[in-house]
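Report on the structure
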Amino acid sequence: MKNLILSIIAISFVFVSYAQSITLEPFATGLNSPVDIQNAGDDRLFVVEKSGTIVILDTNGNETGTFLNISSQISTNGERGLLGLAFHPDYANNGYFFVNYTDTNGDSQISRFTVTGNPDVADPGTELEIIDYTQPYSNHNGGYLDFGADGLLYIGTGDGGSGGDPQNRAQNKLSPLGKMLRIDVDTPSGNENYSIPTGNPYIGNADGLDEIWAIGLRNPWKYDFDPESNDLWIADVGQGSLEEINRVDYTIADLNYGWRCYEGTSTYETSGGCPTDDELTFPVYEYSQGSACSITGGKVYRGTTYPDAQGYYFYADYCDGRIGAVSLSNENQSFGTFSGNWVTFGRDSSGELYVGDINGGINKITEIQVPLSVDSFELNGFKLFPNPAISKITISSQAQIINQITIYDLKGSAVISNKNLNTLSNDINISTLTPGLYISEIIVENGSRFTQKLVIK
């Protein structure tokens, strides 16, 4: 089985609902179709404008200058344009950054540029072309770039466009489209300005491209590596029914996210043969379209201003303006709908979050309130009490034999694990744990797994 879903979040209980809210604080206006927001490890924010420029904002949201302008090299019709920016992990020393754009032929180009002696100005003449691939249509170009904890560059490509992936490119391992690519930009090889990292699943395999890391994506419009756990969160835009969020251990290669065989957890087009379900990685959260139409992937909150939001992955929808967040236990927190066509999130060097509107505005996300306190629960025959707790909890079942109970912190690390229990009830000493939010996982005799929030005071 290729990692159907992360083990600690296989099945979630329904929780008691508490108020949750955020405030969108206006930060910057008048931008030209912002589609990406990044930081370079300092107080500045770099905003990618679809037309081909990258501008710099100061801590007050004021535009202080143009970092890069390559608008003459770019096509912008449809979903094309300058779409992604990633600073090299050693940017402070080498001044390298990478962009993803559609060229004047409408094809995708990933290139490296270098900053000048002025930290606010890049040199467009330093372009080094890294990798490119043909785009058959003007939509589903993907475009985002990000470096993983392994120092390698990950490229989400999209399935090439039209509708329904008519050539089934996402499942075709000989096409770069509908994939997550992974390359080493620090080690040129042969005639290429990159090399293939060890561990890519199709190295030397005539049935797949060396650059491929994962397949089966429709249009991964933003993804994020959790700065704490390094888990990879991918928001994949749906066809006509479902929008989905995937979360995986980033070190696991050769995952198949299912498109076009599946849209989310529902079958879409299975003629011509599809992998079995146990060979696919299904989303950890999905929602029906309705008034929604296109998920915008965001960021995991790792700031310090709102500790209760630690570990939540924020997302939005382009059409209905919703903003929400998904917790480690797969619980969705809806913050409601807001006025804006949300196309990007950003994280500053302190870990605080921003959300960008294609119409030119950027808002800082403030006053984040998510449910912290939860009641003792009694559901599906289980009971956990007290909750919140101080020194001890009890987990019991009316009928199902409990084999294992594990407590995880929000980094995904197991802090307590009681194994080989074979019991209907177990007392757990939690006095050594620091106050905060945890996830308790129960594994029963038949192997089923259940999770529940645990608050320690």
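Just so it is clear, the model here is predicted, and its values are computed rather than measured.

Assigned secondary structure in the protein chain consists of 1 helix and 35 strands. By the compact-globule yardstick of 23 Å for 457 residues, the protein chain fits well, its C-alpha radius of gyration being 22 Å. Each of the three principal axes of the protein chain carries a C-alpha extent, and together these read 70 × 55 × 45 Å. When each of the 457 residues of the protein chain is scored for burial, the buried share is 56%. Look at the contacts in the protein chain between residues 6 or more apart in sequence, and 56% of them connect residues 24 or more apart. When the accessible area of the protein chain is evaluated, it comes to approximately 17200 Å², of which 43% is carbon and sulfur surface.

As a further point, take the packing of aromatic side chains. Taken as a whole, this structure holds 21 aromatic pairs when the rule is applied. A centroid spacing of 4.9 Å and a plane angle of 85 degrees characterise the contact between tyrosine 262 and phenylalanine 282, whose relative ring orientation is edge-to-face. Of the two residues, tyrosine 262 is situated in strand S18 (residues 262-263) and phenylalanine 282 in the loop between strand S19 (266-267) and strand S20 (285-288); the sequence distance between them amounts to 20 residues. The exposure classification of tyrosine 262 matches that of phenylalanine 282, with both residues buried. What links up through ring pairs into an aromatic cluster is the set Phe46, Phe67, Phe87, Tyr91, Phe97 and Phe113. In this structure, arginine 218 is placed above the aromatic ring of tryptophan 259, and the distance from its NZ or CZ to the ring centre is 5.5 Å. One residue, lysine 222, lies across the ring of tryptophan 221, its end atom 4.4 Å from the ring centre.

The final tally for this structure, using the stated rule, is 9 salt bridges. A salt bridge links arginine 347 to aspartate 224, with the shortest nitrogen-to-oxygen separation between them at 2.9 Å. Within this pair, whereas arginine 347 is found in strand S25 (residues 342-347), its partner aspartate 224 is found in strand S14 (residues 223-225), the two being separated by 123 residues in sequence. Side by side, arginine 347 and aspartate 224 carry an identical accessibility label, which is buried. Here arginine 247 and aspartate 231 are joined by a salt bridge, their closest N and O atoms 2.8 Å apart.

Under the definition given, this model contains 2 disulfides. Cysteine 261 shares a disulfide with cysteine 274; S-S distance 2.1 Å. An S-S torsion of about -95 degrees defines the bridge between cysteine 261 and cysteine 274 as left-handed. With cysteine 261 in the loop between strand S17 (255-256) and S18 and cysteine 274 in the loop between S19 and S20, this pair connects stretches of sequence that are 13 residues apart.

Our focus in this paragraph is the pairing of strand S13 (residues 212-215). With 3 bridges joining them, strand S12 (residues 179-183) and S13 adopt antiparallel strand pairing. What sits directly across from lysine 179, in S13, is isoleucine 215. Here S13 runs beside S17; their pairing, made up of 2 bridges, is parallel. Directly across from isoleucine 215, in S17, lies its bridge partner asparagine 256.

Ordered in space as S6-S7-S8-S9, the 4 strands form an open sheet in which the pairing is antiparallel. This sheet does not close on itself; its edge strands, each paired only once, are strand S6 (82-87) and strand S9 (122-133). Each strand axis lies, on average, 25 degrees off the axis of its neighbour in the sheet, ignoring direction.

What follows deals with the side chain of threonine 114. Residue position: threonine 114 is located in strand S8 (residues 108-115). Discounting chain neighbours no more than four positions away, the residues touching threonine 114 are Asn94, Gly95, Tyr96, Phe97, Ala122, Asp123 and Thr126.

This part is about the sheet that holds S12. Taken in spatial order, the 5 strands make up an open sheet running S10-S11-S12-S13-S17, and their pairing is mixed. Taken across any chain shown, the strands that pair with only one partner, and hence form the sheet edges, are strand S10 (145-147) and S17.

Before going further, it helps to spend a moment on the environment of leucine 328. Checked against the element boundaries, leucine 328 lands in the loop between strand S23 (322-326) and strand S24 (332-337). Note on leucine 328: relative accessible area 5%, which makes it buried. Sequence separation between leucine 328 and glycine 412 is 84 residues, and the spatial gap between their C-alpha atoms is 8.0 Å.

Further remarks concern the pairing of strand S27 (residues 362-369). For strand S1 (residues 21-28) and S27, the ladder comprises 6 bridges, and the chain directions are antiparallel. Bridge pairing in S27 places proline 26 opposite asparagine 363. As judged from the 3 bridges shared by strand S26 (residues 353-357) and S27, these two strands associate in the antiparallel manner. Within the sheet, the bridge partner assigned to tyrosine 354 lies in S27 and is lysine 364. Taking the residues between adjacent antiparallel strands as the criterion, S26 and S27 are bridged by 4 residues, where glycine 360 takes a positive phi near 115 degrees.

Moving on to the environment of isoleucine 203. Topologically, isoleucine 203 is positioned in the loop between S12 and S13. Note: C-alpha distance between isoleucine 203 and isoleucine 416 (213 residues apart in sequence) is 39 Å. Setting aside anything within four residues of it in sequence, one finds isoleucine 203 in contact with Ile196, Pro197, Thr198 and Asp210.

Now for the environment of glycine 321. When you line up the elements, glycine 321 lands in the loop between strand S22 (313-317) and S23. Judged by relative accessible area, glycine 321 falls into the buried class, the value being 1%. With 15 residues separating them along the chain, glycine 321 and glycine 336 place their C-alpha atoms 8.1 Å apart. Setting aside anything within four residues of it in sequence, one finds glycine 321 in contact with Gly336, Thr337, Phe338, Gly340 and Trp342.

The rules we used
Residues numbered from 1 in each chain as written. Predicted model: local features only at pLDDT ≥ 70, side-chain atom pairs only at ≥ 80, totals over all residues. Heavy atoms only, no water. Helix = DSSP H or I, 4+ residues; strand = E, 2+ residues; numbered from the N terminus. Rg over C-alpha atoms; globule rule 2.2 N^0.38 Å. Buried < 20%, exposed > 50% of the residue type's maximum accessible area, 1.4 Å probe, protein only. Contact = heavy atoms within 4.5 Å. Areas by Shrake-Rupley, 256 points an atom, 1.4 Å probe, with all protein chains shown as cover. Phe/Tyr/Trp six-rings, centres within 6.5 Å; stacked < 30°, edge-to-face > 60°. Lys NZ or Arg CZ within 6 Å of the ring centre and 35° of its normal. Salt bridge = Lys/Arg side-chain N within 4 Å of Asp/Glu carboxyl O. Disulfide = S-S within 2.5 Å. Pairing = 2+ DSSP bridges. Axes fitted to C-alpha atoms, helices over the stretch in contact; angles between N-to-C directions.

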